[in-house]
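# Examining the three-dimensional arrangement
Residue strings, one per chain:
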Amino acid sequence: MIRRLRPRLAVCLAAVLVVACGQHGAVPPPASTTTGLLPPGVPTEGSRPPDTGLPPAAEPLQGPPLPPEGLIGRTIPVGHAPEGVVVDTQTRIVAVATRDPNELVLIDAVSGDITSRVPLPGRVRHVQLAAPGGPVLVPVESANSLVRVDLPRGPAGPPIVTGTEPHDAAAASNGTVFVGNEHGGTVAVVRGEHIVKVFTDSVQPAGIAPVGIAMGVLDVRKNDLTVYDADRLTIVGSTPAGAGPTHLVADRHGRMIAADTRGDAVRVFTPLPAPREVASIAQPGGPYGIAYDTARDRLWVASSGTNEVIGYDMSEPNPRQVQRFPTVQNPYSLGVDSDTGRLFVAGVSGGVVQVIDTTS
């Protein structure tokens, strides 16, 4: 999942990019609280803990070759290495990030037709909606920037340099956007077009999800979940999140749910008044991609090493398995259409998105 850079090299690359883009002026010397880029003149909070002795970030597993009898559902060829899927029920658009060329591929959720390809300034692995109807929040790792893409057809807005290799981004209920800069050890807070604060209490932030104004961020080196207050811009607290968590979603009950990839488990947390784990269930095979169907109260988690996706009823804190489907090879990302229950599973190695009708 993660390409690591030496801290000094990461800072130099980030500095070159900011000077070239001219968005924030000269780059100050890196602060002791982070290994990467810090936007100048922005308040910070938190101290980066030492990473000595911490395990490496959990990686997805390699799924086996697909059986000759084929797949269920249908597949949509989208381009090289699709990773990052989100479904907007308002515009009926599925957005998928691809590489070489770097694009956000927009698909009609009903017909499966590709309606637009929006060029991106670098490689992307995760996308989320800022709100129903868009825009799509696109953290562009190789450009150290957040880009917003309008729906239903684009274009992409101007990049906002947030930090070193942003991995994921999400919007709280008040519109405040949090961006996890994975190789900078920072979480940047964006309001409008401006960074208003940077939290420097992470080692390697990754998956992000909001519950109201509570924003949860997984750290894939510390293996914990930290919750931030998106109104007051403060740190609420942290809690252990398993052996190797990677990605995070929220359900309609106000819970946050993590895929514990190294721990072969799905873990459920309440974020407030302080984050704590309230339930878990074993899921062998390196659970990685994760999505939630609000209408059906259904959690979907893909096992990267077994090429399958498992559906859980979330009416209670303890996930209850109710469905299971085989998928394309290496299902690292997935999205769900809450109107129809349809799943869109991105197969990194095959360059396709698999469409699974879960209610038929």
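Residues numbered from 1 in each chain as written. Predicted model: local features only at pLDDT ≥ 70, side-chain atom pairs only at ≥ 80, totals over all residues. Heavy atoms only, no water.

On to the overall build of the protein chain. The number of helices and strands found in the protein chain is one helix and 29 strands. Scaling as 2.2 N^0.38, a compact globule of 360 residues should have a C-alpha radius of gyration of about 21 Å, and the protein chain matches this with 19 Å. By principal-axis analysis of the C-alpha atoms, the protein chain measures approximately 55 × 40 × 35 Å. Summed over all atoms, the accessible surface of the protein chain reaches about 13100 Å², with 54% contributed by carbon and sulfur. Looking at the protein chain, you have 28 positive and 33 negative side-chain charges, and the mean spots of the two groups are 3 Å apart. (Helix = DSSP H or I, 4+ residues; strand = E, 2+ residues; numbered from the N terminus. Rg over C-alpha atoms; globule rule 2.2 N^0.38 Å. Areas by Shrake-Rupley, 256 points an atom, 1.4 Å probe, with all protein chains shown as cover. Lys, Arg positive; Asp, Glu negative; His and termini not counted. Charge placed at Lys NZ, Arg CZ, Asp CG, Glu CD.)

Right, let's talk about the sheet that holds strand β29 (residues 352-357) for a bit. Through backbone hydrogen bonds, the strands of a sheet pair up, either in parallel or in antiparallel fashion. One open sheet accounts for four strands, arranged β2-β29-β28-β27; its pairing is antiparallel. Edge strands, defined here as strands with exactly one partner in the open sheet, are β2 (74-77) and β27 (331-336). Shown here is a sheet whose adjacent strand axes are inclined to one another by a mean of 25°, direction ignored. Summarising the sheet, β27 and strand β28 (residues 342-347) pair through five bridges and their orientation is antiparallel. The residue of β28 that forms the bridge with S333 is A346. (Pairing = 2+ DSSP bridges. Axes fitted to C-alpha atoms, helices over the stretch in contact; angles between N-to-C directions.)

Further remarks concern the confidence of the model for the protein chain. Of the residues in the protein chain, 90% reach a pLDDT of 70 or more, and the chain-wide mean stands at 91. Of the regions scoring below 50 in pLDDT, residues 1-32 engages in 58 contacts with residues more than four places distant in sequence or in other chains. (pLDDT = per-residue confidence, 0-100. Contact = heavy atoms within 4.5 Å.)

Turning next to the pattern of salt bridges. Counted under the stated rule, the structure contains 21 salt bridges. The shortest N-O distance in the salt bridge between R48 and D51 comes to 3.7 Å. D51 gets classed as partly exposed once you look at its relative accessible area, which sits at 29%. R320 is the salt-bridge partner of D313, the closest N and O atoms lying 3.9 Å from each other. Residues participating in the shared-partner salt-bridge network are R123, R125, E141, E165 and E182. (Salt bridge = Lys/Arg side-chain N within 4 Å of Asp/Glu carboxyl O. Buried < 20%, exposed > 50% of the residue type's maximum accessible area, 1.4 Å probe, protein only.)

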